[in-house]
Number of protein chains: 4
Amino acid sequence: MIIVLKRGLDKKTIEDFSTSLKKKYNVEVNQWQGVNETVLGLIGDTTAIDIGTINAQDVVYSVRRVQEPYKKANRKFHPDDTVITLSNGTKIGDGSLTLMAGPCSVESAEQVTEIAKAVKVSGANVLRGGAFKPRTSPYSFQGLKAEGLELLLKAKEETGLPIVTEIMSESDIDLFKDVDIIQVGARNMQNFTLLKKLGKLDKPILLKRGLCATIEEWLMSAEYIMAEGNEKVILCERGIRTYEKYTRNTLDLSAIPIVKSLSHLPVVVDPSHATGMNWLVEPLAMAAVACGADGLIIEVHNDPPHALCDGAQSLTPEEFDSVVKKVNKIKSAL
Amino acid sequence: MIIVLKRGLDKKTIEDFSTSLKKKYNVEVNQWQGVNETVLGLIGDTTAIDIGTINAQDVVYSVRRVQEPYKKANRKFHPDDTVITLSNGTKIGDGSLTLMAGPCSVESAEQVTEIAKAVKVSGANVLRGGAFKPRTSPYSFQGLKAEGLELLLKAKEETGLPIVTEIMSESDIDLFKDVDIIQVGARNMQNFTLLKKLGKLDKPILLKRGLCATIEEWLMSAEYIMAEGNEKVILCERGIRTYEKYTRNTLDLSAIPIVKSLSHLPVVVDPSHATGMNWLVEPLAMAAVACGADGLIIEVHNDPPHALCDGAQSLTPEEFDSVVKKVNKIKSAL
Amino acid sequence: MIIVLKRGLDKKTIEDFSTSLKKKYNVEVNQWQGVNETVLGLIGDTTAIDIGTINAQDVVYSVRRVQEPYKKANRKFHPDDTVITLSNGTKIGDGSLTLMAGPCSVESAEQVTEIAKAVKVSGANVLRGGAFKPRTSPYSFQGLKAEGLELLLKAKEETGLPIVTEIMSESDIDLFKDVDIIQVGARNMQNFTLLKKLGKLDKPILLKRGLCATIEEWLMSAEYIMAEGNEKVILCERGIRTYEKYTRNTLDLSAIPIVKSLSHLPVVVDPSHATGMNWLVEPLAMAAVACGADGLIIEVHNDPPHALCDGAQSLTPEEFDSVVKKVNKIKSAL
Amino acid sequence: MIIVLKRGLDKKTIEDFSTSLKKKYNVEVNQWQGVNETVLGLIGDTTAIDIGTINAQDVVYSVRRVQEPYKKANRKFHPDDTVITLSNGTKIGDGSLTLMAGPCSVESAEQVTEIAKAVKVSGANVLRGGAFKPRTSPYSFQGLKAEGLELLLKAKEETGLPIVTEIMSESDIDLFKDVDIIQVGARNMQNFTLLKKLGKLDKPILLKRGLCATIEEWLMSAEYIMAEGNEKVILCERGIRTYEKYTRNTLDLSAIPIVKSLSHLPVVVDPSHATGMNWLVEPLAMAAVACGADGLIIEVHNDPPHALCDGAQSLTPEEFDSVVKKVNKIKSAL
């Protein structure tokens, strides 16, 4: 941690501040005198030092970390890729391409099973589907909830596909005990109470990037889960909010190579939510695979115009089949 | 709701689509033929129609609402200002200026009571203080939790100041029964499960704007609370995330007159979190009052350099006293 | 164009407004009465109607275009792809992949020629290089200017590679008469005087997307050039400004399929400026090709650590060679 | 300047790099060894060192400035406020409130003179008006150009009000010789060729903040003008581009106290362009004055619904008169 002091301080003030840092944080302090500035460098483990507290000191002009503030999610301390194995043998993060597909929201047994069978034939190895739906409007369809989870589990039974589905409240955790991967949505990425509870489970968590989360904040949210003991975190890039309004969000594909460099966790991409437009799913899925995504999560609906939610971004099973063929070509080319 | 159709559709397709809209949504449909475009206008209550579903129809090029998607929070349907009265008689939204002040986090009985007494003397009429603290890092101080709430209640007893404090989980609602105003933080603005639970209470809710929430999304989150029956919502602007990095966030003061025009709910401003820098609190507090804020919520600490959280943005009681004097001058001038 | 009127207007006011629109803009006006709103639809060519003027009318609540405001750049009116042919036979926009490579700034005859030869061997078909350099600081190296252009032309002579280089002022246009493609930088994307002057030339223009330009604004800037007669515009996505600070900008790859759908102009991608980090060039170049880019423009320097500008984002010739091999694999797979 | 080196370098590599920095930049280099990191501190004048070049070195992990990269615009080196005096004695930056008002674009002699007289009566001390208009669309009204300048000068003659008007091209500089303040628009904030030319004049320049310019970039653009000798720069905050779409831009009022702390230059605020809505001008003008703006620049039109440009954000003379009364009340209260 590097601290730039305000100008014009006398020697004693600087010494006293240095000493107080050493005592409080058990670090060594290196002092360096520039032409106009005095800079202090803290040596030791500074992960837990609160930058705000340092900034609040009268003598401080600015502070900056040299070390990343996350440990368990940090590739520096865990150089090997994390690989997560699901019930059907699918491995996420081992260099293969995981394909998660299914409807935005579970609507009926027939719907979800029909879609599950179709996407499995095309090559999907995980079934996605929403039972609890976070909707901007209280007047929109909120999902089938517990009943939706049961329908997903039935579809799993019939097809053998492990399932991934979103949790919206820590009170519902018990309902998710047979779910293979629990998804944390973008709006809950910093619902720290929920993250801590999920950290007590022994179950993969798909952590979507928040609508305006920095890569560091996203990794810090992974750290919240991991710090409690659950290291099975899958990161999911799903577009960030920018000034551009043609698409719902702006897919940040640079996040893939960056996260894979900073962290050992697998990263999947959701091109459906990123853009909100089904015709953009194919080119962006291909781009995601080309720059190293460990998997894709794609919305597929057997009847998009009658979908209860987000039909505009859903592919038909036929369109999904075409996307799979194209991303597999890219994957083979690499 | 206005729907622009794709080009080149034949008459029958357009008629069929029109008829299906009428039946499904119980609306009238007005059709209008441009040079290249056909446009449909839906007449009736379209609040609950999902834009995504319409967009998913093969024949649709684009859709747009004419009506706002919120009702209970909408000034068009409730022209009179909402006024909220607290236990000590303080009214929020009646044209007066409510001053909420106190420490970022509650640290001890002495700390919070000392600060409470000081800010009361300066003119604060609500005590703020964090017991449950949402922190980016799992390794940062997370607040005194239930104990912190008790210390706040003691300070309330001693000073008579009603209290406002943040909730982070719907499981904790019972702990908040003696709290005067429950705060929902920016990171939980779209924690819809929590919002619905708070909608069942008969207690004012201070709803902070999300880090990248549009004004419409913010009002929709208020609508979540109100739709459940609790209409005592206070909105709080606290800065939005932009590309500018000099300040932690960018305070959006235009949101004040805009929200007051779209909605009847009171709006307060948090200049402390907006900037993260204590020396910017005074000018921005003054600006907020000048453009119509119903109140301010300001961090005050008796010893900022030793604050356990966010010291860099805290004022000393003396600095707070100066801010109050200045904002009162502005208020009187209006 | 669709105009929503304010509530509560009487019939005569609405009629008068309707009539004035018809007369002023030579359009037909369709009126439609909702439950609370009156909506007017304008039929005819509304491209030149100023939205601001309509918005300024007392009776208007909101206005929205149905048609895109650009014509010459619009695929609806020009369904076939624009293909641009350069002096060495290279075609841009014909389905092939154009590779533009070279140093950020021209430093010496040896440097630029050495790099030109190297990138040609790897497969580049256009040489890039900066002679006039837009720098944030007046104290940074500003380029060799006219001398730099001459060095580029020499390198062209020696290698046969056509050249692309940036113009910073309309006063310099004469200096660019032997340049094959004139580049307009992100900071000048809305320097309308410059755009108009370039529209008088018969020479390809590489138009970079502005730092915070929407896709529509970018196409409108292309329209500025095309409206003057020069239809040889190549669009270049180079990253947009967002809140994320890990990279210099956020590369918006969704812009590629979107622009190719809205417009007939070719689109190339600059992964070097988008991220500012050389190790991210390869994965993002691959992603760009996977989602349909017509070309890439990449910074290559024979000695990045001693580059006078932007060394951190430059590849060595060897690294560039590796990128070319990989993007070609992707291109073949498609 | 602080340089963090990559991990795992041997001693000699570090020594060699240190030595090369000393030689190349004529600085002293202080070395400090952390647990995992080696950090170098450069002592001396680092303003002209290119951060990108340092970043490009193989051994470098990250670099950061400690000093601001601007000198002439820097309050540290020029503690006293810059005060600019106009032909009619108006002083900008001396603690008074400068009021610039007038039409978005000059349309006729009658229009501009009528408005000029009206705003003068209300208290304006500078007349604004656009002759050269930067418009997103090539099909929109582009201003009366040279003729518009003449009409402005006539209005100046009749009213005695100094004038401020926008330049769009360095080729037009001669036309501006009788203009009192030359405005550089947001889209040209980084048109460095233009800035340098304006730096050779002895005339105040009103430099608008770019649509997505950071405060530092804005000050660097001021530095471009000042470095050429012209130190009469007035900064103008006019809203930045964010994800929020209710207003055209988001007015960043925190920029006022920040710029006044970092720089000695005066700052004025343009609430008209910031929001694009005339009813928001009053509250935001009041807020701007409350937090320390040196002046306001406001669009006033005698007939907004028939304005050729931006009528929606224009005030009538009566509305302007009301705004002036209110901002003066705020100013007196301070």
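None of these values were measured; they are calculated from a predicted model.

Trainee: I tried to follow the interface of chain D and chain C on my own but got confused; where do I start?
Mentor: When the parts of a complex come together, some accessible area is lost, and that lost area is often used as the size of the interface. At the junction of the two partners, chain D supplies 49 residues and chain C supplies 49 residues. In total, about 4000 Å² of surface goes out of reach between chain D and chain C, with carbon and sulfur atoms giving 50% of it. The tally of links between chain D and chain C comes to four salt bridges. Between Asp50 of chain C and Arg135 of chain D there is a salt bridge; the shortest N-O distance is 2.8 Å. At the boundary of chain D and chain C, one finds 26 residue pairs in polar contact (both at pLDDT 80 or more). Mapped onto the side of chain D that touches chain C, the elements with two or more residues apiece are α2 (51–55), α5 (192–199) and α6 (215–227) of chain D. Top contributing element to the side of chain D that touches chain C by residue count: α6 of chain D, with five residues. Broken down by class, the residue content of the side of chain D that touches chain C amounts to 20 nonpolar, 17 polar and twelve charged.

Trainee: In this structure, what is going on with the interface of chain B and chain A? I would like to understand it.
Mentor: On the side of chain A, 49 residues touch chain B, which itself brings 48 residues to the contact. The junction of chain B with chain A conceals about 4000 Å² of combined surface from both sides, 50% of it contributed by carbon and sulfur atoms. Considering only the surface of chain B that becomes buried against chain A, Tyr139, Arg187 and Arg241 of chain B emerge as the three largest contributors, covering 15% of it. Summed over the shared surface of chain B and chain A, the result is 26 residue pairs in polar contact (both at pLDDT 80 or more). Those elements that provide at least two residues to the side of chain B that touches chain A are α2 (51–55), α5 (192–198) and α6 (215–227) of chain B. The leading source of residues in the side of chain B that touches chain A is α6 of chain B, at five residues. Taken together, the residues of the side of chain B that touches chain A sort by class into 20 nonpolar, 17 polar and eleven charged.

Trainee: In this structure, what is going on with the sheet that holds strand β7 (residues 98–102) of chain C? I would like to understand it.
Mentor: Hydrogen bonds between backbone atoms are what pair the strands of a sheet, whose relative direction is either parallel or antiparallel. Residue and element names in this part refer to chain C. Read once around its circumference, the closed barrel built from eight strands follows the order β7-β8-β9-β10-β11-β12-β13-β14, with strand pairing classed as parallel. Recorded for the sheet is a direction-independent mean angle of 30° between the axes of neighbouring strands. Sheet strands touched by helix α4 (residues 146–159): β8 (126–128) and β9 (163–167). Its angle to β9, the strand with the most contacts, is close to 170°. In the packing of helix α9 (residues 281–290) onto the sheet, the strands contacted are β13 (267–269) and β14 (295–299), and the crossing angle to β14 comes to about 165°.

Trainee: Could you clarify how one ought to interpret the nonpolar core in this entry?
Mentor: Nonpolar side chains in soluble globular proteins generally cluster together in the buried interior. Residues Leu207 and Leu253 of chain A, Leu207 and Leu253 of chain B, Leu253 of chain C together with Leu207 and Leu253 of chain D are the most contacted members of the largest nonpolar core, which totals 307 residues. Beyond its immediate stretch of four places on either side in the chain, Leu207 of chain A contacts Val184, Met189, Leu195, Trp218, Ser221, Ala222, Ile225, Val233, Ile234, Leu235 and Cys236 of chain A.

Trainee: Where do I start with the sheet that holds strand β12 (residues 233–237) of chain B in this structure?
Mentor: Residue and element names in this part refer to chain B. Spatially, β7-β8-β9-β10-β11-β12-β13-β14 is the arrangement adopted by the eight strands of the closed barrel, whose pairing is parallel. Taken over all neighbouring pairs, the strand axes of this sheet differ in orientation by 30° on average, direction set aside. Two strands pair when backbone bridges link them, and β12 and strand β13 (residues 267–269) are joined in this way by three bridges, in the parallel orientation. When the bridges of β13 are listed, Cys236 appears paired with Val268.

Trainee: What is the right way to look at unusual backbone geometry in this model?
Mentor: It is generally the case that most residues other than glycine have a negative phi and that most peptide bonds are trans. Of note in this structure, Lys145 of chain A is not a glycine but carries a positive phi near 55°. Locating Lys145 of chain A in the fold gives a position in the loop between β8 (126–128) and α4 (146–159). For Lys145 of chain A, a relative accessible area of 35% gives the class partly exposed. At Asn26 of chain D, a position not held by glycine, the phi torsion is positive, near 55°.

Trainee: Any chance you could explain helix α3 (residues 109–122) of chain B here in plain terms?
Mentor: Residue and element names in this part refer to chain B. For α3, spanning 14 residues, the distance from its first C-alpha to its last is 20 Å, which sits close to the expected 20 Å at 1.5 Å a residue. Of all the residues in α3, the buried ones are Gln111, Val112, Thr113, Ile115, Ala116, Val119 and Ser122. Immediately beyond the C-terminal end of α3, within one or two residues, lies Gly123, with a positive phi of roughly 120°.

Trainee: Whenever I open this one, the UniProt feature "domain: DAHP synthetase I/KDSA" (unreviewed entry) in chain A confuses me. Can you help?
Mentor: In the numbering adopted here, UniProt assigns the feature "domain: DAHP synthetase I/KDSA" (unreviewed entry) to residues 82–330 of chain A. This span, residues 82–330 of chain A, is 35% helix and 15% strand, and a straight line between its end C-alpha atoms measures 23 Å.

Trainee: Which parts of the structure should I look at to understand the relation of the copies chain B and chain A?
Mentor: To go from the first copy of the chain to the second, apply a rotation about an axis and then a shift along the same axis. If you rotate chain B by 180° and push it 0.0 Å along the axis, it lands on chain A with an RMSD of 0.0 Å. Read as a symmetry element, the transformation amounts to a two-fold axis. Residue Cys212 of chain B, judged by its C-alpha, is the member of chain B lying nearest the rotation axis, at 3.1 Å. The fraction of interface residues of chain B whose copies in chain A are also interface residues reaches 100%, indicating that both copies meet through the same surface.

Trainee: Help me out: how do you make sense of the side chain of Asp294 of chain A in this one?
Mentor: Locating Asp294 of chain A in the fold gives a position in the loop between α9 (281–290) and β14 (295–299). Excluding anything up to four places from it in sequence, Asp294 of chain A contacts Gly93, Ser96, Leu97, Thr98, Lys260, Pro266, Val267 and Val268 of chain A.

Reading the values: the criteria
Residues numbered from 1 in each chain as written. Chains lettered and ligands numbered in written order. Predicted model: local features only at pLDDT ≥ 70, side-chain atom pairs only at ≥ 80, totals over all residues. Heavy atoms only, no water. Contact = heavy atoms within 4.5 Å. Buried area = accessible area lost by both parts, 1.4 Å probe. Salt bridge = Lys/Arg side-chain N within 4 Å of Asp/Glu carboxyl O. Polar contact = N/O pair within 3.5 Å; in protein donor to acceptor, adjacent residues only side chain to side chain. Helix = DSSP H or I, 4+ residues; strand = E, 2+ residues; numbered from the N terminus. Nonpolar A, V, L, I, M, F, W, Y, C, P; charged D, E, K, R; others polar. Pairing = 2+ DSSP bridges. Axes fitted to C-alpha atoms, helices over the stretch in contact; angles between N-to-C directions. Core = buried A, V, L, I, M, F, W, Y, C linked by side-chain atoms within 4.5 Å. Buried < 20%, exposed > 50% of the residue type's maximum accessible area, 1.4 Å probe, protein only. Expected span 1.5 Å × (residues − 1). UniProt positions renumbered as here; feature names shortened; annotations may be inferred. Least-squares fit on C-alpha atoms with pLDDT ≥ 70 in both.

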